[in-house]
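A look at the structure
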Amino acid sequence: MTQPDTGARESGGREQGSRAAWDAGPLAGHTESGPGHPQQAGRTAGGPHADEAGDLPPGQYVPRTLPVLHYGPVPAFNSQTWDLRIFGATESGEEALLSWDDIGELPAAEVTADFHCVTKFTVPGLRWSGVLAADLLCAFPPAATVTHVMTWADFGYSANVRIGDFAAEDTILATHCDGEPLTPEHGFPLRLIVPSLYAWKSVKWVRAIEYMTVDRRGFWEERGYHNVADPWREQRYSYQEVDGDGPPL
Ligand SMILES: Nc1nc2c(c(=O)[nH]1)N[C@H]1C(S)=C(S)[C@@H](COP(=O)(O)O)O[C@H]1N2
Ligand SMILES: [Mo]
């Protein structure tokens, strides 16, 4: 069940077939990894993590293992050339360009949260460490007029969130998950985690943060997925949007 675009594999007998990644939505490149992916060992539905989930958002279930989901290839990392660009409506009017070493200078923090994919799996109780988005906002302040933040990844993937969701106390730019450095397929070296929103907003391989004074749709938000994406309100698709949820499609 290899998908030509990513080489991703889907186990469990559900055929993704030759559906274009486009049509597959945030399920594109879906791999439910099985044995041979040691970072996922022990994360079973009947295990302790399931109990930590408590209430799940409507329509969600706890899967057997933590799937790997993304559109396109996994980027290579070079600590010498990697950078994080903070641009758009900054308070100072200047862009910032952070090196990998600069990231290590920012205050460290930890967040434990459930991870809700719009394809209906929830992975309970993941422990992310890195830099709180709120601390990044303090270190690199946006202009007072900023309403939304676009997070950009390698190869052009992007996701927009409201400034309030970005600044939320549990939104983190993660370098580690459950005490281990992120694996390449889960977003090494740096990924955004927005626990309050569906996981397509949790951009892997982050390379730029754009402060916006007007909302703009990201990759999946342009392709039929809800602009806001609150799992507790089951905001899955753009046809569910009401006035004020997002810019016109
Ligand atoms: N750069 C990038 N980040 C991404 C995606 C992607 O295609 N590209 N897919 C998103 C989706 S739809 C999900 S469900 C999660 C999956 O994260 P995981 O692979 O670590 O489980 O990553 C999100 N972040
Ligand atoms: Mo997803």
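Residues numbered from 1 in each chain as written. Chains lettered and ligands numbered in written order. Predicted model: local features only at pLDDT ≥ 70, side-chain atom pairs only at ≥ 80, totals over all residues. Heavy atoms only, no water.

Comments concerning empty space enclosed by the protein
Selection criterion: In this analysis the probe radius is 1.4 Å and the grid spacing 1 Å, with only protein atoms considered; a cavity is a set of points the probe fits into but cannot get out of, a pocket is an open set with protein on both sides within 12 Å along at least five of seven lines, and lining residues have an atom within 4 Å of a point. Grid points are joined across faces, edges and corners, and a volume is the space filled by probe spheres set on the points. We count a stretch as a helix when DSSP gives it H or I for four or more residues in a row; a strand needs E for two or more, and each element gets its number in order from the N terminus. Amino acid classes used here: Ala, Val, Leu, Ile, Met, Phe, Trp, Tyr, Cys and Pro are nonpolar; Asp, Glu, Lys and Arg are charged; the rest, including Gly, are polar.
Taken as a whole and assessed by the stated rule, the structure comprises two cavities of 30 Å³ or more. Size it by volume and the second largest cavity reaches roughly 40 Å³. Contributing to the lining of the second largest cavity are H148, N160, V161, R162, D165, L197, K201, D215, N227 and V228. Take the lining of the second largest cavity: its biggest share by element is three residues, from strand β6 (residues 158-162). Broken down by class, the residue content of the lining of the second largest cavity amounts to three nonpolar, three polar and four charged.

Some details on the sheet that holds strand β10 (residues 206-212)
Selection criterion: A pair of strands is considered paired only if DSSP assigns at least 2 bridges between the two. What counts as an axis is a line fitted to C-alpha atoms, over the stretch in contact for a helix, and the angles between N-to-C directions run from 0 to 180 degrees.
Taken together, five strands build an open sheet; the order of strands is β2-β1-β10-β5-β6 and the sheet is mixed. Whereas interior strands pair on both sides, the edge strands pair on one side only; in this sheet they are β2 (96-99) and β6. Each neighbouring strand pair of the sheet contributes to a mean axis angle of 15 degrees, computed without reference to strand direction. With five bridges joining them, strand β5 (residues 148-153) and β6 adopt antiparallel strand pairing. Within β6, the residue paired with T151 across the bridge is A159.

Quick look at the site of ligand 1
Defined as follows: We define proximity as follows: a residue is near a molecule or strand when any one of its heavy atoms falls within 4 Å of that partner. We call two N or O atoms a polar contact when they sit within 3.5 Å, provided that within protein one can donate a hydrogen and the other can accept it, with sequence-adjacent residues counted only if both atoms are side-chain atoms.
Lining the immediate environment of ligand 1, one finds 19 residues, of which P67, Y71, H186, R191 and K204 sit closest. Y71 is positioned with one of its backbone polar atoms (N or O) 2.6 Å from an oxygen atom of ligand 1. Taking K204, its side chain carries an N or O atom lying 2.5 Å from an oxygen atom of ligand 1.

Some points on the pattern of salt bridges
Note the threshold: Definition used for salt bridges: Asp or Glu carboxyl oxygen within 4 Å of a side-chain nitrogen of Lys or Arg. Classification of residues uses two cut-offs on accessible area relative to the type maximum, computed with a 1.4 Å probe and protein chains only: under 20% is buried, over 50% is exposed, and between them is partly exposed.
What the rule picks out here adds up to 10 salt bridges. A salt bridge links K201 to E221, with the nearest nitrogen and oxygen atoms 2.8 Å apart. Of this pair, K201 sits in the loop between β9 (191-193) and β10 while E221 sits in the segment after β10, placing them 20 residues apart in sequence. Each of the two residues, K201 as well as E221, counts as buried. Where E210 meets R216, a salt bridge forms, and the shortest distance between an N and an O atom there is 3.0 Å. What makes E210 buried here is its relative accessible area of 11%.

Observations concerning the packing of aromatic side chains
For clarity, the threshold we go by: In this scheme Phe, Tyr and Trp rings, the latter by its six-membered ring, pair at centre separations within 6.5 Å, and the angle between planes marks the pair as stacked below 30 degrees, edge-to-face above 60, and tilted otherwise. Remark: a charge is flagged as sitting over a ring if the NZ atom of Lys or the CZ atom of Arg is within 6 Å of the ring centre and within 35 degrees of the ring normal.
Applying the stated criterion across every chain yields a total of 14 aromatic pairs. Seen in terms of ring centroids, Y157 and F219 are 5.4 Å apart; in terms of plane orientation they differ by 35 degrees. Their pairing is tilted. One end of the pair, Y157, is in the loop between β5 and β6; the other, F219, is in the segment after β10, with 62 residues separating them in the sequence. The exposure class assigned to F219 is buried, which follows from its relative accessible area of 10%. Each ring, one from W220 and one from Y225, has its centre 5.8 Å from the other, and the planes form 75 degrees; the classification is edge-to-face. Side by side, W220 and Y225 carry an identical accessibility label, which is buried. Positioned over the ring face of F87 is R85, at 4.0 Å from the centre of the ring. A cation sits over an aromatic face here: R223 above F219, 3.9 Å from the ring centre.

Digging into unusual backbone geometry
Between F188 and the following residue, P189, the backbone shows a cis peptide bond with an omega angle of 10 degrees. Secondary-structure assignment places P189 in the loop between β8 (180-181) and β9. We note that A229 has phi near 75 degrees; this positive angle belongs to a residue other than glycine. By the element assignment, A229 lies in the segment after β10.

A look at the layout of surface pockets
Space inside the largest pocket adds up to approximately 400 Å³. Forming the boundary of the largest pocket are 28 residues, of which L69, H70, Y71, Y157 and K204 lie nearest the centre. Split into classes, the residues belonging to the lining of the largest pocket amount to 21 nonpolar, four polar and three charged.

What about the nonpolar core?
Convention followed: The criterion is simple. A nonpolar core is a set of buried Ala, Val, Leu, Ile, Met, Phe, Trp, Tyr and Cys residues joined through side-chain atoms within 4.5 Å. In what follows, a contact means two residues having at least one pair of non-hydrogen atoms within 4.5 Å.
One finds L84, F166, W200, V206, I209 and Y211 to be the most contacted residues of the largest nonpolar core, which totals 36 residues. Looking at this core, the elements with two or more residues in it are β1 (83-88), β2, α4 (133-139), β5, β6 and β10. Each residue touching F166, except ones within four places of it in the same chain, is listed here: A133, A134, L137, V149, T151, V161, T171, L192 and I209. In terms of nonpolar packing, the next biggest core, distinct from the first, is built from 18 residues, L69, F115, V123 and W128 among them.

Bear in mind that shape data such as this cannot, by itself, settle questions of function.
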